[in-house]
Every structure is written in C-alpha cells, then in structure tokens.
Amino acid sequence: MNKLFSFLLLTLGLCGGLIQPTSAQFGPPGGGPPGGGFGGGDNRRKQEFTGVTEDALKGNAKISGLLIDSLTNKPVEFATVALISTQTNKPIDGTTSDAKGQFTLAKLAPGDYRLQYSFIGYKNQDSKPFTIQKGTDLKMGAVTLMPDVRTLSEVVVSGQAAMIEEKVDRLVFNADKDLTSKGGDASDVLKRVPMLSVDLDGNVSLRGSQNIRVLINNKPSTIVAANVADALKQLPADMIKSVEVITSPSAKYDAEGAAGIINIITKKNTLHGLTLNVDAGVGIRGSNLGMNGSYRQGKLGITLGGFGRAMYNRASSSLDQTTLLGSQLLRTSQQGTAFDKPVFGQYTFGFDYDLAKNQSLSANVRFGTRNFIQEQNQLTSSFAGDSLLRMTNRDVDRRDLSNSVDMNLDYVRTFKPQQEWSISTQYSRTGLTNNFYADLLTNTGELTGRQRNLNNNTNGELTFQTDYQTPIRKNQLLEFGGKAIMRQVDSRYQYQVGIGSGGLVFDPTNPSGSLAYSQNIGAGYVSYTYVTPSKYSFKVGTRYEHTGISATANEGINLNIPSYSNLVPSLNVSKSLKGGTTVKAGYNRRIQRPGLQQLNPNPNAANPQMIMVGNPTLKPELTDNVELSLSSTIKKTYLNASLFGRLTENAITQIRLPSDTLAGGIITTFQNIGVQRTMGANVFFNTNLTPKWSINGGLDGYYVYMQGITAGADGKSMTISNTGVSIGGRLMSQLQLNKGWSAQVFSFFRGPNPQLQGTTGSFYLYSLGVRKDLANKRGSIGLAGENFLTNGVIMRTNLNSPLLSQTNITHLYNANVKVTFSYRIGKMTFEEPRRKARSVSNDDVKGDGGGDNGGGQQPAAPAGVRPR
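Predicted model only: the values in this text are computed from it and were never measured. (Residues numbered from 1 in each chain as written. Predicted model: local features only at pLDDT ≥ 70, side-chain atom pairs only at ≥ 80, totals over all residues. Heavy atoms only, no water.)

**Student:** Which residues make up the overall build of the chain, and what values do they have?
**Tutor:** Within the chain one finds 5 helices and 48 strands. Counting over 868 residues, the chain shows a buried share of 57%. In the form shown here, the chain has an accessible surface area of approximately 34,500 Å², with 59% of it arising from carbon and sulfur atoms. (Helix = DSSP H or I, 4+ residues; strand = E, 2+ residues; numbered from the N terminus. Buried < 20%, exposed > 50% of the residue type's maximum accessible area, 1.4 Å probe, protein only. Areas by Shrake-Rupley, 256 points an atom, 1.4 Å probe, with all protein chains shown as cover.)

**Student:** A description of the environment of Asn288 should follow, citing residues and the corresponding values.
**Tutor:** Here Asn288 is to be found in strand S18 (residues 286-297). Note on Asn288: relative accessible area 7%, which makes it buried. Along the backbone, Asn288 and Asp185 are 103 residues apart, and their C-alpha atoms lie at a distance of 9.6 Å.

**Student:** I'd like a rundown of the pairing of strand S29 (residues 513-531), residues and numbers included.
**Tutor:** Among the 19 residues of S29, 15 are classified as buried, and the element is accordingly described as predominantly covered. Pairing of strand S27 (residues 476-499) with S29 involves 18 bridges; the strand directions are antiparallel. Bridge pairing in S29 links Gly482 to Gly524. As paired strands, S29 and strand S30 (residues 536-553) are joined by 17 bridges and run antiparallel to one another. By the bridge assignment for S30, Ser527 is matched with Gly541. The antiparallel pairing of S29 with S30 creates a hairpin that spans 4 residues between the two strands, and Lys535 there sits at a positive phi of about 70 degrees. (Pairing = 2+ DSSP bridges.)

**Student:** Describe unusual backbone geometry, listing the residues and the values that go with them.
**Tutor:** Its identity as a non-glycine residue notwithstanding, Lys107 has a phi of 55 degrees, on the positive side. Residue Lys107 is classed as exposed on the basis of its relative accessible area of 59%. Phi angles above zero are rare outside glycine, and Met195 is one such case at about 75 degrees. On the secondary structure map, Met195 appears in the loop between helix H2 (186-190) and strand S12 (196-198). On the accessibility criterion, Met195 (12% relative accessible area) is buried.

**Student:** Give a detailed account of the environment of Gly579, specifying residues and quantitative values.
**Tutor:** Its place among the elements puts Gly579 in the loop between strand S32 (564-576) and strand S33 (582-592). Considering only alpha carbons, one finds Gly579 and Ile634, 55 residues apart in sequence, at a separation of 8.4 Å. Not counting the four nearest positions on each side in its chain, Gly579 is found in contact with Ser632 and Thr633. (Contact = heavy atoms within 4.5 Å.)

**Student:** Could you give me a rundown of the pattern of salt bridges, with the residues and numbers involved?
**Tutor:** In this structure the tally under the stated criterion is 16 salt bridges. Between Lys341 and Glu375 there is a salt bridge, with the nearest N and O atoms lying 3.0 Å from each other. Highlighted residues: Lys341 in the loop between strand S21 (328-340) and strand S22 (343-356) and Glu375 in strand S23 (residues 359-384), separated in sequence by 34 residues. For Glu375, a relative accessible area of 38% translates into the label partly exposed. Glu461 is paired through a salt bridge with Arg487; the nearest N and O atoms lie 2.4 Å apart. With Glu461 in strand S26 (residues 447-472) and Arg487 in strand S27, the pair connects residues that are 26 residues apart, well separated along the chain. Neither residue differs from the other here; Glu461 and Arg487 are each classed as buried. If you follow the salt bridges from partner to partner, you end up with Lys252, Glu479 and Lys539 in one network. (Salt bridge = Lys/Arg side-chain N within 4 Å of Asp/Glu carboxyl O.)

**Student:** Can you explain the confidence of the model for the chain? Please cite residues and give values.
**Tutor:** Predicted coordinates in regions of low pLDDT should not be interpreted in detail. Scored by pLDDT, the chain comes out at a mean of 80, with 82% of its residues at no less than 70. Low pLDDT (under 50) marks residues 1-56, which in the prediction has 151 contacts with non-local residues, meaning those over four places away or in another chain. (pLDDT = per-residue confidence, 0-100.)

**Student:** Outline the side chain of Asp624, supporting the account with residue identities and numerical values.
**Tutor:** Looking at the secondary structure, you find Asp624 in strand S35 (residues 621-634). Polar side-chain contacts of Asp624 include one of 3.1 Å to the side chain of Arg589. With sequence-adjacent residues up to four places away left out, Asp624 is seen in contact with Tyr587, Asn588, Arg589, Gly645, Arg646 and Leu647. (Polar contact = N/O pair within 3.5 Å; in protein donor to acceptor, adjacent residues only side chain to side chain.)

**Student:** Can you break down the packing of aromatic side chains residue by residue, with the values?
**Tutor:** Here the structure, examined in full by the defined rule, presents 10 aromatic pairs. Measuring from centroid to centroid gives 6.0 Å for Phe748 and Phe763, while their planes differ by 45 degrees, and the two rings are tilted. In this pair, Phe748 is assigned in strand S40 (residues 741-750) and Phe763 in strand S43 (residues 763-773), connecting sequence segments 15 residues apart. Each member of the pair, Phe748 together with Phe763, is buried. The interplanar angle of 75 degrees and the centroid separation of 5.7 Å between the aromatic rings of Tyr766 and Phe788 together place this pair among those described as edge-to-face. Here the residue Tyr766 occupies a position in strand S43, and Phe788 occupies one in the loop between strand S44 (779-786) and strand S45 (793-801), the gap between them amounting to 22 residues. Residue Tyr766 is classed as buried on the basis of its relative accessible area, which comes to 18%. Taking the ring centre of Phe746 as reference, the NZ or CZ of Arg192 above it sits at 4.6 Å. The positively charged end of Arg314 is found above the aromatic ring belonging to Tyr813, 4.1 Å away from the centroid. (Phe/Tyr/Trp six-rings, centres within 6.5 Å; stacked < 30°, edge-to-face > 60°. Lys NZ or Arg CZ within 6 Å of the ring centre and 35° of its normal.)

**Student:** Give me the side chain of Thr532: which residues, what numbers.
**Tutor:** Relative to the elements of secondary structure, Thr532 occurs in the loop between S29 and S30. The class for Thr532 is buried, based on a relative accessible area of 11%.

**Student:** Please give an account of the nonpolar core that cites residues and values.
**Tutor:** In this structure, Phe173, Leu190, Ile262 and Ile264 are the most contacted members of the largest nonpolar core, which totals 36 residues. Excluding its chain neighbours within four sequence positions, the residues that come into contact with Ile264 are Ala186, Leu190, Val214, Leu215, Ile216, Asn217, Leu232, Leu235, Ile240 and Ser242. Judged by nonpolar contacts, the second largest core, of 19 residues, contains Ala79, Leu105, Leu115 and Val143. (Core = buried A, V, L, I, M, F, W, Y, C linked by side-chain atoms within 4.5 Å.)

**Student:** Quick rundown of the environment of Val278? Include the residues and the values.
**Tutor:** By secondary structure assignment, the location of Val278 is in strand S17 (residues 271-283). Aside from chain neighbours lying at most four places away, what touches Val278 is Gly290, Met291, Phe821, Ser822 and Tyr823.

**Student:** Before we move on, could you go through the pairing of strand S2 (residues 80-85) and cite the residues and values that matter?
**Tutor:** With respect to burial, S2 is a largely interior element, 6 of its 6 residues being buried. On S2, burial covers both faces: Thr80, Ala82 and Ile84 on one face and Val81, Leu83 and Ser85 on the other are all buried. Sheet topology places S2 next to strand S3 (residues 91-96); 5 bridges connect them, and they run antiparallel. When the sheet's bridge partners are listed, Leu83 is paired in S3 with Asp93. What sits between the antiparallel neighbours S2 and S3 is a turn of 5 residues, in which Asn89 has the positive phi angle 60 degrees. In the sheet, S2 pairs with strand S5 (residues 111-118) via 6 bridges, with the strands oriented antiparallel. When the bridges of S5 are listed, Ser85 appears paired with Tyr113.

Rendered as structure tokens:
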C-alpha cells in the first residue's frame, strides 16, 4: 500500500513540475479541444498542427480576423485557420482562434494565398484567394462558420440520422437516434452496435470474445465487474447518448479487456435553467418509468435522476446428458420451467462547477439496485443403463439481489487546448446476495425435504488517478499519468438442509466457507503521438502495472497467490488517403484479471445438474491483438472493413466435469489452462437512399482454435482442443416521415458459437418501431414490437468431452410489444458547451460470462433463462 501511494505522489509531483503553459496546440486527427478549456488569460498565439513545416518562409506581413457561429453569432474558439498557397495548394502556416474567436497570422512572406477555416461540428470554409505584399496588414473581418455533422476529425456515416461514426481510435453508435430500443435497457442498445453481440442472457461479446471492459461515462463500477449482464439492465436505454467501441486502446487505458473496451455515454443536459424529463413505457414483457431533472445557471450545474424497470418473462427447457462416474454410465433427462420477475433501479445525483475560467470540479453519486427473483420447477430422472435410479421434483426460489454505489470527484485544469491536468478519485462498492431455496417434492407434490444456499458477497474499490497531456511543437502530443487501485472482495456461503417441513440445519455434505481477496494495483503509462505532414499518424505507448494479491479462504487458509508485473505496449498507425479513405493498423497487449464470479468458491447448485463454482487461485490471462482496417466514402455510401487477430495464453477457461454423485450432474469451474487463437473480419456500411431514408448493416465472422486440459476416462489429465467458425450480421433501416413521424426496422442473427467443449446455439431477433414527435419536439410517443411474429426463440447448446455429453434446448418466450412516452418541460435555452470532465476509468476486471470462446459462458440453466 505504501508503495502504491508513494508512486501516486511521485506522479503528482512530476505533473506539478511539468505543468507550464506552452505556445503550441496539438490537433491530431479525430481530436479537437478536450472540452472547451481556456488559456487562463494567456493571450499568446495558440497553434495547431496543420501539416506546416518548421522551415516555412517568413516575412513581416500579417493577417487577422474573427470567427463566429452563423446560428448563435457567438465566437468560435480554438478553430483551425490554415494559410494555403494557391500555387502549390499546400499549407504554409496556421494558427487557431482564441477564446474570443480572434486569430492572427504574423511574420508572413509575400505570396498568393487563401485561408481555410475548420473546426469540429462546422463545415470547412475557404476564403477567396488574395495576395499579400511586404508589410501587408490584411483584415479578414468577421467570418461566419456553418454548423455541420461532418468534420475533419471524424467521419459521420449516417447522414441525417448520424447513427454511426468512425473516429480515429473508436467506433461510435449514436443511440439517441434509435427508435426500437426506447423503453428498454442498455443491452437492447448494444444489440444494434456493429462488432458487438448480446446473447439471450444479456452477455456481451466483442468480435466473439466476452473478455471486454464496460465503462459508463469513462467510469467503472463494481456492479459491472460482478455481472455485466445485470449491470446493463440497470441502465435505461432512454438515457444513453452513444456507445463507443474501442478495439485498440492506447496505453492511457487500463490494460484490462482483452478484446477491447465498450464505453457507454449517457445524455448530459446542456439546457440553461430548470428542466424535467419524464420517460415511461408499458409492454407485455416489462414496464419502466424514469424521471430526470437538471438545473444549470452560470457556473453551476446540478442533475438528479431516477429510473425503475419491472420485467416478467418465462422460459421452458429440456436437458439430456450422459456422464461417466467411474465405470458406470449415467444418463439424465430434465424438464424445466421458469418464471422471472426482476426489478431494476438506478438513482443518480451530480454537479459540476467552474472554479475558474480554465478549471472545473465535478462530482457524481450513482446508486443501483437489482431484485431478481426466479421461480423454477425441475423434474429430473436419472438412469443407469435402462434402470431408473431416481426421480426428483424441485421447486426452486432463486434470489439474486444487489445494491451498488459509485461516488467520484474529478478536477480538471486546462491550460490551453490539448494541454491539461486532471485528478480523479472514485469509491465503488457492491453488495451481492445469491441465494436459492429449494423444496424437494414427490411426483404427487408431497414435501420430502428442503435445501437452502446462502451466499453474501461484497466488492469494494478505491481509485486515485492523475493524467497530464501537453503538445510538443505543432505535430506531437505527450501524455502520461499514474493510477492506484485498491480492491477488496469478500464472500461467505453456507448450505442448509431439512427433512419434510422441519427446521433447517447445516448441511455436512456441503460445508460452509469464505473468501477474503485483496488486490492492489499500481500503474503508470506514457503515450506519444506524432502526425506527419503527409497525413500519417503514429501513436505509441507503454503501460506498466504491478499487482499485489493477498487471499485467505475459510478464515485463515492462505492461498499464496504471487504478485505479478506486466509491461503492456501499444501502437496505432493511421494514414489518410485521397477521396476520404483511411487506413489504420494497430497492435496492443491486454491483461484479463478474473472477476468476482470466477473467484467465488461458493458451489451454486440451484440446479444440481448444472453446478457452478469459482476458483479463487486464478491468475490473469495475457492477449496480443492486431488489427488492420480500411474505411472509405463512395458517393452516399460509407464502407468499413477490418481484419483482426488475437492470441491468448494462460486463458481463463470454463471446464466442465461430472460430479461425484449418482445425480449425474455437471460441475462448471474455471482454470488457467487454455490457449486461444482467433482470426476474423467484419464489414459494415451505411447508405442514404434519400435525405430521409438510410440503411446500415454489416457482417462479421471469426475462426477460433481452442486448447485446454480436462480429465480423461482413466481419471488422468488430457489435452483437448476444438475449432469453429461463427458468423453474425445485422441490418437496420430508418425513415423520417412528414409531420414528426419516423419508423425503424432492425434485424440481427448470430450463428453457433464454438466453445472448448462444444457449441452454444444460434439465435436471432427482429424489431419494428414507429414514433411521433409531439409539438415543438418536447416529447414523443412510440410503438415498438420485438420478435412479435413468432412464439419466442429456441436455443440449443451441445457439450462434449471424454467424461460427459449434454444437449440443452431452451425456449425463451420473448415476443414483446411496448408503448413508450417521453416529455420534457421547463425552461429550455441553450448555453455554450461546457468543458469535458475527466474521470476514473478502471477497465480491468473480467466479467462472469465465461470470458472466452474456449470456455464460453455457462449454458442457460434448463429452468432459468435470464430475462432480456
């Protein structure tokens, strides 16, 4: 701990010594000013890289002017002004406008020139050609810039709808343009995002891997670390502004998330005064109600919000499995039904305050709650050969409950565009309860016994982070920072049994236990970006992380998990070609630490045929990623194609073994025994058939080789492997109609997903929605349906190994029709954009979904499919 805080203080000291205003601004492709910061009263010239050589000819001529917004008549600050030779059509010099929109170019040589004005969110604009002589002082006057969705730093690929954007280091899906996910949750939004796949249980994968890190507004949360699928259900779709998919993170990001990072950006109110938003929805599978208010006056902004969603769903399943117990072959069949009644809620409070013209302070508190109740019935028959060994009937009441809180405080000081220093702190804590209560019945419904599993978990996290970035000359950027994370995971569990309706006592065959797991991480990084005049962009960096772990089981048994250190490099290169074509290549190394559910030693036997137990001695896995992509705009159609590869060693893999009882169950656990090699490709497009009609979609696929170790028929360990191909695709179309009407159709499919010991089944979904905007666009009312033409979705999972085989068929009755309503009231006058706040971003813990294609996720329990 002392070493971690010493490291952090050293980094803070370095930042304090290096924070001196400079006279250059860096403007790499895909980036603009980091949030409208000011120069702290420094009126010295602010420059941005425009491809100008340092040895440009100099003289004593001068050009000056003022940039203003054509709609608001307010100054446009930090816009790029490039001086271009009309003879060579190449930039000769350049600058940026100051906080008052004014710009000046001095020491210019005589010649024939034109000026080009550009800035994020505005159309490029060229001046008329002009000639300057020795000593000329040319006044350009007020120059108006027209707002536009197309910018130099990003390619907007969806025309009017702006559904998908591709930036230099990420893909952005603008969720507020989506009609059919309204009234749903975050998982409904992620289903529509290119390169992502969301299965029927809500587990998210990126390019076929669940080894991802999900952030909310660049912040982590302990509830996300515990269970990504459940965390997404707490976040309403109506509050999501956009989803960022980062497949090749730079050294600035935590090294966690082998396949990449998903950053969910929520809507932030920039309206001046007092406003209130109400969102409601009613459907045959769920209902929701949300209210969000904000007050913004002068330097202060306050937000307060609440959201609740109640869902109801049912499923049926059948299971047929064979296990080898010693020399005896056991066959088991099970029929199950389930009725789910989950309730999710989220409450938020936040404020931001401008301490000075170039300093801001922000704080947020988020409280989330989950109350997942599932009623199951399991009718199981076990056979040895043709002889019936036993028949059981179980009524199970499963309760997964959680309460989480995230609190953060962030400070940002901006010296000038692209030069800033930030300090971020965050405390996050989640309490989880995973209990089940089972009644053991005869075929006639007589109670013969009872079983109860109690499992209480807490996951706490405290983070300190500081970051500093500064431009170097006109075309280089230096970033560095440090971070300390202190985590504490605690789990306690016990089993109780009873005969008939009598009292419950501790189960001697399933002893109680506990886990205390402490993890401390110290990290530092440095990243350097260089942009050449020929439009090559290089971003190279490295990150060092040291992880110390102490863990004890059952109140005193030391698990002796060694500490480890990792150096993770990253490299991203891009080249802008003619005609709006961009080529990008990237390499990075990522770490995947085990998550709470993978560590939890509690043997969850809610369904005795499918028992899940974690492994507290898991080590992290390392993945090397490479990526090559090409994007281009051809007339009204945008195309993007990419190739990628992943190599994972020491992979955290799900392993399934037969239980040592005559029940014939299968135990699923996790081990560091896997190797994975994945190669794949994805392509997506967007085209505007008319100014009001757009279509976008894509295909993705990958080939994976998996290798691991399991027990053989003779009881000895043996190496097993599997290969497979998975293909998926989506298609979406939006149509803007007259008088505020709009419509959208969406479809998605995912083929079978290979695992180390089998495959999970294919699935699909489709939706159709219409919406009518109310007067002055203060609100809207909509109608949407999902899978409404069929009686749900059927998914088949097959598992095979020398000791077991299993076929599990799940029928999820997920047809849904819903009505949505939203309305906004209050004073609504726009104010100038506020500076962007920094925040903690812990992208480093593996979720509980199994983590890879080799291990895959645990197959859905026959009597319990998670609701969508």
